[in-house]
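# Residue-level structure breakdown
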Amino acid sequence: QVQLVESGGGLVQPGGSLRLSCATSGFTFSNYAMSWYRQAPGKERELVASISSNGGTTNYADSVKGRFTISRDNAKNTVYLRMNSLKPEDTAVYYCNAWHMKYDYWGQGTQVTVSS
């Protein structure tokens, strides 16, 4: 049974930091590219960051470059998103995604709210 479980979301003040985690099971994690997406109320889901299966390549949305860092630990089957200098516009539900060939898996999401 494939599972992707996000954690680490919450309420943070502008300028603060959070680290999201996505613990996975049920598939060969090291074969999959991993991504973080987010969806704000009334908006479409957007790609935030992605990382290749071996961690050697990362990509970021322009809106988060220099503030967010994606990483993975293939020994722990977990992907992370470190978020610094958070802004109110980063408020969204953050989703973890695993992708490999025709396989595409999603987590249930974790809420991040940036507000004073």
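To be clear, the structure that these remarks concern was listed above.
Just so we're clear, the structure is a prediction, and the values are computed from it rather than from any experiment. (Residues numbered from 1 in each chain as written. Predicted model: local features only at pLDDT ≥ 70, side-chain atom pairs only at ≥ 80, totals over all residues. Heavy atoms only, no water.)

This part covers the overall build of the chain. If you tally the helices and strands in the chain, you get zero helices and eleven strands. The N-to-C order of helical and strand elements in the chain reads β-β-β-β-β-β-β-β-β-β-β. A globule of 116 residues ought to have a C-alpha radius of gyration of about 13 Å, and the chain, at 13 Å, matches this closely. Along the first, second and third principal axes, the C-alpha set of the chain runs to 40 × 25 × 25 Å. Within the chain, the fraction of its 116 residues that count as buried is 40%. Restricting the contact set of the chain to residue pairs at least 6 apart, pairs at least 24 apart contribute 53%. If you sum the accessible surface of the chain, you get close to 6200 Å²; carbon and sulfur atoms cover 46% of it. Across the chain, the 11 positively charged side chains and the 8 negatively charged ones have centroids separated by 5 Å. (Helix = DSSP H or I, 4+ residues; strand = E, 2+ residues; numbered from the N terminus. Rg over C-alpha atoms; globule rule 2.2 N^0.38 Å. Buried < 20%, exposed > 50% of the residue type's maximum accessible area, 1.4 Å probe, protein only. Contact = heavy atoms within 4.5 Å. Areas by Shrake-Rupley, 256 points an atom, 1.4 Å probe, with all protein chains shown as cover. Lys, Arg positive; Asp, Glu negative; His and termini not counted. Charge placed at Lys NZ, Arg CZ, Asp CG, Glu CD.)

Moving on, we get to the packing of aromatic side chains. In the structure shown here, the tally under the stated rule is six aromatic pairs. When the centroid spacing of 4.7 Å and the interplanar angle of 65° are considered together, the rings of F27 and Y32 count as edge-to-face. Judged on exposure class, the residue F27 and its partner Y32 are both buried. Centroid distance F27 to Y105: 5.3 Å. Interplanar angle 45°. Geometry classified as tilted. Residue F27 is found in the loop between β3 (18-25) and β4 (33-39), and its partner Y105 is found in strand β10 (residues 103-106); the two are separated by 78 residues along the sequence. (Phe/Tyr/Trp six-rings, centres within 6.5 Å; stacked < 30°, edge-to-face > 60°.)

Another point: the environment of T69. Secondary-structure assignment places T69 in strand β7 (residues 68-73). In this structure the C-alpha to C-alpha distance between T69 and Q13, which are 56 residues apart in sequence, comes to 19 Å. With residues near it in sequence (within four places) discarded, T69 still touches Y60, Y80, L81 and R82.

Quick look at the state of the cysteines now. Think of a disulfide as a covalent bridge from one cysteine sulfur atom to another cysteine sulfur atom. All told, the structure shown has one disulfide when counted by the stated rule. Each disulfide pairs two cysteine sulfurs, and for C22 the partner residue is C96, the sulfurs being separated by 2.2 Å. Across the S-S bond of C22 and C96 the torsion is about -80°, and the bridge reads as left-handed. Residue C22 is located in strand β3, and its partner C96 is located in strand β9 (residues 92-100); the two are separated by 74 residues in the primary sequence. You'll find C22 and C96 in the same group, each marked buried. (Disulfide = S-S within 2.5 Å.)

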